[in-house]
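# Structure assessment
One-letter residues, chain by chain:
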Amino acid sequence: AQKITQTQPGMFVQEKEAVTLDCTYDTSDPSYGLFWYKQPSSGEMIFLIYQGSYDQQNATEGRYSLNFQKARKSANLVISASQLGDSAMYFCAMREGDFNKFYFGSGTKLNVKP
Amino acid sequence: DTAVSQTPKYLVTQMGNDKSIKCEQNLGHDTMYWYKQDSKKFLKIMFSYNNKELIINETVPNRFSPKSPDKAHLNLHINSLELGDSAVYFCASSQDRGQGTDTQYFGPGTRLTVL
């Protein structure tokens, strides 16, 4: 089974609107971390936000928030007030317990329209 | 200051050649990784080193050999390059405190083109 699933290969959003990028994960380990990365067309991988499995509250970082639904095993990224510079590939990732291995989803390409 | 750096950024070479990519991190992290990102943007882990010790070795051809002289450096050497090796190679590092909490930070990537 896939550890990380991103079902939206591509998304469009109007500038200044909010957008949700979906991510579901699969693990039986009670301790894990969930991450989102942004990859703009320039190619670098930029860390955006982290959510720990034991965190009681949803993580937020500026315009980014993570909608963590543990029972559903989902960790959706919400970007508020989209900007043109948000156009990029977005990857969801998970690290299980004390394993030094990160699992990545296939990515979602977000296009922000002016 | 660059946290995770890779050299070179671009590498164009002929089939059959041997090449190396260097990676250095100044974050004091214990674990370093090599990933391959193909043309469809899929990220595949290749290797992981923890304190100079190989801990993850995915099904990667023997032509790929990582070397970690110290915990701040992880180099990737590729022998007898093939067309299918063309990709972007990312180095990354993370602390190793366990409990799934440690963020992984990436280098800028090395775009390898094999002609």
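Here we summarise the structure given alongside this text.

Conventions we followed
Residues numbered from 1 in each chain as written. Chains lettered and ligands numbered in written order. Predicted model: local features only at pLDDT ≥ 70, side-chain atom pairs only at ≥ 80, totals over all residues. Heavy atoms only, no water. Helix = DSSP H or I, 4+ residues; strand = E, 2+ residues; numbered from the N terminus. Rg over C-alpha atoms; globule rule 2.2 N^0.38 Å. Buried < 20%, exposed > 50% of the residue type's maximum accessible area, 1.4 Å probe, protein only. Contact = heavy atoms within 4.5 Å. Phe/Tyr/Trp six-rings, centres within 6.5 Å; stacked < 30°, edge-to-face > 60°. Pairing = 2+ DSSP bridges. Axes fitted to C-alpha atoms, helices over the stretch in contact; angles between N-to-C directions. Patch = residues over 30% accessible without salt bridge, like charges linked within 9 Å, V, L, I, M, F, W, Y side chains within 5 Å. Areas by Shrake-Rupley, 256 points an atom, 1.4 Å probe, with all protein chains shown as cover. Salt bridge = Lys/Arg side-chain N within 4 Å of Asp/Glu carboxyl O. Lys, Arg positive; Asp, Glu negative; His and termini not counted. Charge placed at Lys NZ, Arg CZ, Asp CG, Glu CD. 1 Å grid on protein atoms, 1.4 Å probe; cavity = no way out; pocket = protein on both sides within 12 Å on 5 of 7 lines; lining within 4 Å. Points joined across faces, edges and corners; volume = space filled by probe spheres on them. Nonpolar A, V, L, I, M, F, W, Y, C, P; charged D, E, K, R; others polar.

## A few points about the overall build of chain A
A tally of regular secondary structure across chain A gives zero helices and 12 strands. Helices and strands in chain A line up, N terminus first, as β-β-β-β-β-β-β-β-β-β-β-β. Over its C-alpha atoms chain A spans a radius of gyration of 14 Å, differing by no more than 12% from the 13 Å that the globule rule assigns to 114 residues. With the principal axes as the frame, chain A shows a C-alpha extent of 40 × 25 × 20 Å. When each of the 114 residues of chain A is scored for burial, the buried share is 51%. Put simply, of all contacts in chain A between residues at least 6 apart along the chain, 55% involve residues at least 24 apart.

## Considerations on the packing of aromatic side chains
Within a pair of aromatic rings, the relevant descriptors are the distance that separates the centres and the angle that separates the planes. Within this structure, the stated rule accounts for 16 aromatic pairs over all chains. With centroids separated by 5.5 Å and ring planes inclined at 85°, the aromatic side chains of F104(A) and Y35(B) adopt a geometry described as edge-to-face. Note that F104(A) is positioned in strand β11 (residues 102–104) and Y35(B) in strand β4 (residues 31–37), a pairing that runs across two chains. Residues F104(A) and Y35(B) agree in their burial class; the two are buried. Ring centres of Y35(B) and F106(B) lie 5.5 Å apart, and the angle between their planes is 40°; on these two criteria the pair is classed as tilted. Taken together, the residues span a long stretch of sequence, with Y35(B) in strand β4 and F106(B) in strand β10 (residues 104–106) at a distance of 71 residues.

## Quick look at the sheet that holds strand β8 (residues 73–78) of chain B
All names here are of chain B. The four strands are arranged β1-β3-β8-β7 in an open sheet whose pairing can be described as antiparallel. A strand with exactly one partner marks an edge of an open sheet, and here the two such strands are β1 (4–7) and β7 (64–70). The sheet shows a mean angle of 20° between the axes of neighbouring strands, taken without regard to direction. Where β1 lies against strand β3 (residues 19–25), four bridges are found, and the strand directions are antiparallel. By the bridge assignment, Q6 is partnered in β3 with C23.

## Focus: a positive patch on the surface
Side chains of K109(A), K9(B), K41(B) and R111(B) sit close together on the surface and give a patch of like positive charge. With respect to the element layout, K109(A) can be found in strand β12 (residues 108–113). Taking relative accessible area as the criterion, K109(A) reaches 42% and is therefore assigned partly exposed.

## Description of the pairing of strand β5 (residues 43–50) of chain B
Successive side chains on a regular strand alternate, one facing one side of the sheet and the next facing the other. Residue and element names in this part refer to chain B. Here β5 lies mainly inside the structure; seven of its eight residues are buried. Where β4 folds back on β5, the antiparallel hairpin that results is connected by five residues, among which K41 adopts a positive phi of roughly 75°. Where β5 meets strand β6 (residues 53–57), four bridges bridge the pair, whose relative direction is antiparallel. Its bridge partner lying in β6, F47 is registered against N57. Counted along the chain from β5 to the antiparallel partner β6, the turn is two residues long, and its residue N51 has a positive phi close to 50°.

## Things to note about the layout of surface pockets
In this structure, the largest pocket spans a volume of roughly 290 Å³. Among the secondary structure elements, those contributing two or more residues to the lining of the largest pocket are β1 (4–5) and β11 of chain A together with β5 of chain B. Here the lining of the largest pocket is built from residues that sort into eight nonpolar, five polar and four charged. The computed volume of the second largest pocket comes to approximately 180 Å³.

## Details of the environment of N26(B)
All names here are of chain B. Tracing the chain through its elements places N26 in the loop between β3 and β4. Overall, the relative accessible area of 46% leaves N26 in the partly exposed class. Counting along the chain gives 20 residues from N26 to M46, while the straight-line C-alpha distance between them is 21 Å.

## Some points on the pattern of salt bridges
One pass over the full model with this rule turns up five salt bridges over all chains. Notably, a salt bridge pairs D86(A) with R63(A), separated by 2.8 Å at the nearest N-O pair. Placement of D86(A) in the loop between β9 (74–79) and β10 (88–96) and of R63(A) in the loop between β7 (60–61) and β8 (64–69) is noted, with a sequence separation of 23 residues between them. Look at D86(A) and you get buried, because its relative accessible area is 2%. Note that K71(B) is salt-bridged to D30(B), the shortest N-O span being 3.0 Å. Residue K71(B) is located in the loop between β7 and β8, and its partner D30(B) is located in the loop between β3 and β4; the two are separated by 41 residues in the primary sequence. Note on K71(B): relative accessible area 34%, which makes it partly exposed. Three or more residues are tied together by salt bridges with common partners; here these are R63(B), E82(B) and D85(B).

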